[in-house]
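Okay, here's what each chain looks like letter by letter:
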Amino acid sequence: MRVLYMGTSEFAIPALNHLNTHDFEIIGVVTQPDRPSGRGKKLNPPPIKKIALEYDITVFQPEKVREPEFVTLLKQLAPDVIVIAAFGQLLPQTVLDIPPCGVINIHPSLLPKYRGAAPIQWALINGEKETGVSLMVLDAGEDTGDIICTERLQIALEDTAETLLQKLAEIGAGLLVDVLGNITKGQPPQATPQKHEDATQAPRLTKDIGHIDWNESAYTVHSLIRGTSGWPGAYTYYNDGSLLKIIQSMPHEDKIKEKEVTAKKQPGTVTITSDKQLYVETGLGQIQLLKVQPATKKIMDATDFVNGYQLKTGDSFSNS
RNA sequence: CGCAGGGUAGAGCAGUCUGGUAGCUCGUCGGGCUCAUAACCCGGAGGACGUGGGUUCAAAUCCCACCCCUGCAA
């Protein structure tokens, strides 16, 4: 069976790996063009491109898949099925019609929940306890196609956007291999329509979403830190108004660590315990900061930050 | 040539403007106190101050070049 793979980000990598190790015939990988990114705006390839080249798979990087020339090229490739994961472009109906076995999409949420570009991040930000992966038959809408299968996954308190992405990508890869294997054996997938009335949206994140509001509960702040990890990152400002990214945290809503943090204080107020742990008061409970990153510095343990920047109990983080 | 900050002991930082004995908070090692401790007290080890050149009696500090790291922006 001739499989054409479309994907761009890290999430797309495990599925490609599995397809390769299970000896599916991968006739090509379609991804976004190299874009200027990083410091100095150098041209950088999408993560999936490197993997594809290692496997000696032909890589296509059309500016827009809907361009007539590229659609023609796709028809000539004659794929039996197209698999798409975190690709970044919507496919027009003319492309959806090409493969006889349809276009299968791997989406990291329990559809119809969290349709859109950032389902993993939003599930975390909203403090969900559970998420999952859905395989669906792609249609012209945004993540509105019929569902082939889903697999659930509990979200751990320590999970971040990065760890969860990795787990879900692996799950999705497993599901995909099963489904394609069945197709090869002549068992086309049974797809059932989504309950569209239950749909929620998970739009692409923006910079300001990472802005921490210390009046929220410790769990909500923790969720924001987890959900925005990687990009755009959760941030606040300390004493002299400099930016501080919060990389890793742990909430303590009901468990008061020591008598040092029992006194009710203004949200954003810092407490340094005798063993140099860093706690911040929130609207409900305290949150312990584990890893932080001051602007223009590397990621460091909170203790190192406290030592080097001479942080004291009573200092505070603020919104500007 | 997108904008900006940085490289000083194992970690995180001060010192650089105004050149003159290498500092802070930790960690680590040894000792002490304690029923006990990540707490407290005493003591020790550990630095080519990113690299190369220049100025000077003297450079972490001033000048030039280069390497590496990071935030912003995309």
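Residues numbered from 1 in each chain as written. Chains lettered and ligands numbered in written order. Predicted model: local features only at pLDDT ≥ 70, side-chain atom pairs only at ≥ 80, totals over all residues. Heavy atoms only, no water.

A. Structural context of the confidence of the model for chain A. A residue-level look at chain A finds 96% of positions with pLDDT of 70 or above and a mean pLDDT of 92. Overall, residues 255-261 carries pLDDT values under 50, and its contacts beyond four positions in sequence, including any with other chains, amount to 16 contacts. Prediction confidence for the complex, expressed as pTM and ipTM, is 0.91 and 0.91 respectively. (pLDDT = per-residue confidence, 0-100. Contact = heavy atoms within 4.5 Å.)

B. Expanded view of the side chain of Asp159. Within the secondary structure, Asp159 is located in the loop between β9 (147-154) and α6 (161-184). In contact with Asp159, other than residues within four places in its own chain, are Leu124, Gln154, Leu164, Lys167 and Arg226. (Helix = DSSP H or I, 4+ residues; strand = E, 2+ residues; numbered from the N terminus.)

C. Representation of the sheet that holds strand β8 (residues 130-137) within the structure. Taken in spatial order, the 7 strands line up as β5-β2-β1-β6-β7-β8-β9 in an open sheet, and their pairing is mixed. Sheet topology places β5 (59-60) and β9 at the edges, where each strand pairs with a single neighbour. By the bridge criterion, 5 bridges tie strand β1 (residues 2-7) to strand β6 (residues 81-85) in an arrangement that is parallel. Along β6, the bridge assignment pairs Tyr5 with Val83. Packing of helix α3 (residues 68-77) onto the sheet brings it into contact with β1, β2 (25-30) and β5, and relative to β1 it is tilted by some 145°. Sitting on the sheet, α6 is in contact with β1, β6, β7 (103-107), β8 and β9, with an inclination near 35° to β8. (Pairing = 2+ DSSP bridges. Axes fitted to C-alpha atoms, helices over the stretch in contact; angles between N-to-C directions.)

D. Summary view of the packing of helix α1 (residues 13-21) against helix α2 (residues 47-54). Contact geometry of α1 with α2 gives a least axis separation of 10 Å together with a crossing angle of 15°. Accordingly, the angle class assigned to the pair α1 and α2 is roughly parallel. As α1 packs across α2, the resulting crossing turns out to be right-handed. Between α1 and α2, the residues in contact are Ile13, Leu16 and Asn17 and Pro47, Ile48, Ile51 and Ala52, respectively. (Parallel < 35°, antiparallel > 145°, perpendicular 65-115°, else oblique. Left-handed = near helix turned anticlockwise from the far one by under 90°.)

E. Local environment of the environment of Ile225. Tracing the backbone through its elements, the reader meets Ile225 in helix α7 (residues 218-227). Classification of Ile225 by relative accessible area gives buried; the value is 2%. Contacts of Ile225, omitting those with residues within four sequence positions, involve Ile212, Ala234, Ile246, Ile247, Gln248, Ser249 and Ile287. (Buried < 20%, exposed > 50% of the residue type's maximum accessible area, 1.4 Å probe, protein only.)

F. Structural detail: the layout of surface pockets. Within this model, the largest pocket holds a volume of roughly 1600 Å³. Taken together, 47 residues line the largest pocket, and the ones lying closest to its centre are Thr8, Ser9, Ala86, Ala117 and Arg204. Every element with two or more residues in the lining of the largest pocket is listed here: β3 (35-37), β6, β7, α5 (119-125) and α6. Considering every element that reaches the lining of the largest pocket, the biggest residue donor is α6, with 4 residues. Put simply, the parts of the chain that give the lining of the second largest pocket at least two residues each are β11 (243-252) and β14 (286-294). Ranked by residues supplied to the lining of the second largest pocket, first place goes to β11 with 4 residues. Per-class residue counts for the lining of the second largest pocket are 4 nonpolar, 7 polar and 4 charged. (1 Å grid on protein atoms, 1.4 Å probe; cavity = no way out; pocket = protein on both sides within 12 Å on 5 of 7 lines; lining within 4 Å. Points joined across faces, edges and corners; volume = space filled by probe spheres on them. Nonpolar A, V, L, I, M, F, W, Y, C, P; charged D, E, K, R; others polar.)

G. Just the pairing of strand β13 (residues 278-281), in detail. Here β13 shows a buried face lined by Leu278 and Val280 and a second buried face lined by Tyr279 and Glu281. Where strand β12 (residues 270-272) meets β13, 3 bridges bridge the pair, whose relative direction is antiparallel. Bridge assignment links Ile272 to a residue of β13, and that residue is Leu278. In this structure, β13 lies alongside β14, joined through 4 bridges in antiparallel fashion. In the strand pairing of β14, Tyr279 is matched with Gln288. Turn length for the β13-β14 hairpin, with the two strands adjacent in sequence and antiparallel, is 4 residues, and the turn residue Gly285 shows positive phi of about 85°.

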